[in-house]
Amino acid sequence: THYPLVGIVGTPSIETVRQLLAELPQDAEILVQPEGCQDLAVDFPEWKSEAAILHTLPASELPLDEDLSNTRLAELADLDRLTILPQQLRGELELAFEISPVAATFVNEVPVSFCYASGVTETLWDVSIDTVEAYRRRGYAKRTAVFLMTWFACQGKSPVWGATESNTASLALAHQLGFVEVDRILLLTRA
């Protein structure tokens, strides 16, 4: 199993990029430094780009006053309790269980919001979060994120939050949790 994410650093030749793109799976995403993307948009119109904003959390900002009742590390079997889980999200979560602990907030013993690391380094982890549509805007995402942020803090790892400019809900939650913008990058996906 793989997570189809590729990074392009600098300005490789168009031929190198063409060869890379030909080898990528259909659902691949590419991260590119903004200064290295101008020619890609012209030479590869089948790919669209969108700015992604990267955030970090100052060490003193870890929210500790959140009610974490009904939030815990989930197990893969917990997904079977959720009958309204879209297939794409189910696939993402099944992959998440292979690479990271997955926190979930439960309503009536059913998991409705999920947070996991889509990538982990020696000191950082990349926040991925999703809430079943019928349960959004109720604070479950915040609760779930705080739970996993606390868990990773005990492992000596700090969160990094990346969200595209169009994902206003994710950006708002990042700011609500105390994250601050530190950089921007371009995310390329197939058009």
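Up top is the structure.
Predicted, not measured: the structure shown is a model, and the values here were computed from it.

(A) Structural context of the environment of serine 158. Tracing the backbone through its elements, the reader meets serine 158 in strand S8 (residues 158-164). Relative accessible area serves as the criterion here: at 35%, serine 158 is assigned to the partly exposed category. Considered as a pair, serine 158 and threonine 123 are 35 residues apart in the sequence and their alpha carbons are 6.2 Å apart. Contacts of serine 158, omitting those with residues within four sequence positions, involve Thr123, Leu124 and Trp125.

(B) Geometry of the side chain of threonine 71. By the secondary structure assignment, threonine 71 is in strand S4 (residues 71-73). On the basis of relative accessible area, threonine 71 is assigned to the buried category, the value being 8%. Not counting the four nearest positions on each side in its chain, threonine 71 is found in contact with Ala104, Thr105, Arg143, Thr144 and Phe147.

(C) Quick peek at the sheet that holds strand S1 (residues 5-8). An order of S1-S2-S9-S3-S8-S7-S6-S5-S4 is seen for the 9 strands of this open sheet, with the pairing classed as mixed. Two strands lie at the open edges of the sheet, namely S1 and S4, each paired on one side alone. Pairwise comparison of adjacent strand axes, ignoring direction, gives a mean angle of 30 degrees for this sheet. Relative to S8, strand S7 (residues 124-131) runs parallel, the two sharing 3 bridges. Within the sheet, the bridge partner assigned to leucine 124 lies in S8 and is serine 158. Taken strand by strand, helix H4 (residues 140-154) contacts S4, strand S5 (102-107), strand S6 (110-120), S7 and S8, and its axis lies near 45 degrees from that of S6.

(D) Spatial organisation of the environment of alanine 134. Along the chain, the position of alanine 134 falls in the loop between S7 and H4. A residue is classified by how much of its surface remains accessible, and alanine 134, at 46% relative accessible area, is partly exposed. Through-space distance from the C-alpha of alanine 134 to that of leucine 148 is 22 Å; in sequence the pair is 14 residues apart.

Scoring rules and cut-offs
Residues numbered from 1 in each chain as written. Predicted model: local features only at pLDDT ≥ 70, side-chain atom pairs only at ≥ 80, totals over all residues. Heavy atoms only, no water. Helix = DSSP H or I, 4+ residues; strand = E, 2+ residues; numbered from the N terminus. Buried < 20%, exposed > 50% of the residue type's maximum accessible area, 1.4 Å probe, protein only. Contact = heavy atoms within 4.5 Å. Pairing = 2+ DSSP bridges. Axes fitted to C-alpha atoms, helices over the stretch in contact; angles between N-to-C directions.

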